[in-house]
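# Reading the structure
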Amino acid sequence: MGKYLLLKHYRGAPAAVNDVPMEKWAPEEIAAHIQYMNDFAARLEKSGEFVDGQALAPEGTFVRYDGEGRPPVTDGPFAETKDLIAGWMIIDVDSYERALELAGELSAAPGAGGKPIHEWLEVRPFLHMPPTVTE
C-alpha cells in the first residue's frame, strides 16, 4: 500500500473545464459539492483507502523563525498556500494507478450548474525513508 496526497488547488493548476470560482456558486451548488466530497470519502473509508482529508479556510499566514528572542516573521513576497490550496485528501492505495483513478473521480465533483468541475488535482506520493539497517 502507498499513501498519496490529493491536493485541490484554487489556482496554479491548469484551468478546470467548469472554471467558475466557488464564491459565484449558488448555496445548493456548494452543498452538492460538499456532499459529493463527503460521499467519496465515506466510500473510501469503507474500502480502507481513506486516511484523512480537509477543506481549508481561505485565511492563513506564513510564519518564519527570525532568530533568538525575535518575534516570528509573518507573510512575505511570495504566493501563499491560502491562495493556492483549497483542500487535501490522503489516500492509502495498492498502486499509483489506483491513486490516479481516484483523483480522476474526485475531479468530477459538481460545481457551478451542478456540472462536474473536471478540475486538475495534484497527486503526490508520500516520501518513504529507507529502512534503518542494524547489525
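Residues numbered from 1 in each chain as written. Predicted model: local features only at pLDDT ≥ 70, side-chain atom pairs only at ≥ 80, totals over all residues. Heavy atoms only, no water.

### Re the environment of E49
Mapped onto the elements of the fold, E49 is located in the loop between α1 (27-47) and β2 (50-55). Excluding its chain neighbours within four sequence positions, the residues that come into contact with E49 are L44, I90, I91, D92, V93, R98 and L102. Looking at E49, its side chain comes within polar contact range of the side chain of R98, at 2.8 Å. (Helix = DSSP H or I, 4+ residues; strand = E, 2+ residues; numbered from the N terminus. Contact = heavy atoms within 4.5 Å. Polar contact = N/O pair within 3.5 Å; in protein donor to acceptor, adjacent residues only side chain to side chain.)

### Brief notes about the pattern of salt bridges
According to the stated counting rule, one finds five salt bridges in the structure shown. For K8, the salt bridge identified is with E119, shortest N-O distance 2.2 Å. Separated by 111 residues along the polypeptide, K8 in strand β1 (residues 2-9) and E119 in the loop between α3 (96-106) and β6 (121-125) bring together distant segments of the chain. Since its relative accessible area comes to 11%, E119 is described here as buried. R43 is the partner of E105 in a salt bridge, and the nearest nitrogen-oxygen pair spans 2.0 Å. Here E105, found in helix α3, pairs with R43, found in helix α1; they are 62 residues apart in sequence, far enough to count as distant. Relative accessible area serves as the criterion here: at 37%, R43 is assigned to the partly exposed category. Taken together, the shared-partner salt bridges connect E49, R98 and E101 into one network. (Salt bridge = Lys/Arg side-chain N within 4 Å of Asp/Glu carboxyl O. Buried < 20%, exposed > 50% of the residue type's maximum accessible area, 1.4 Å probe, protein only.)

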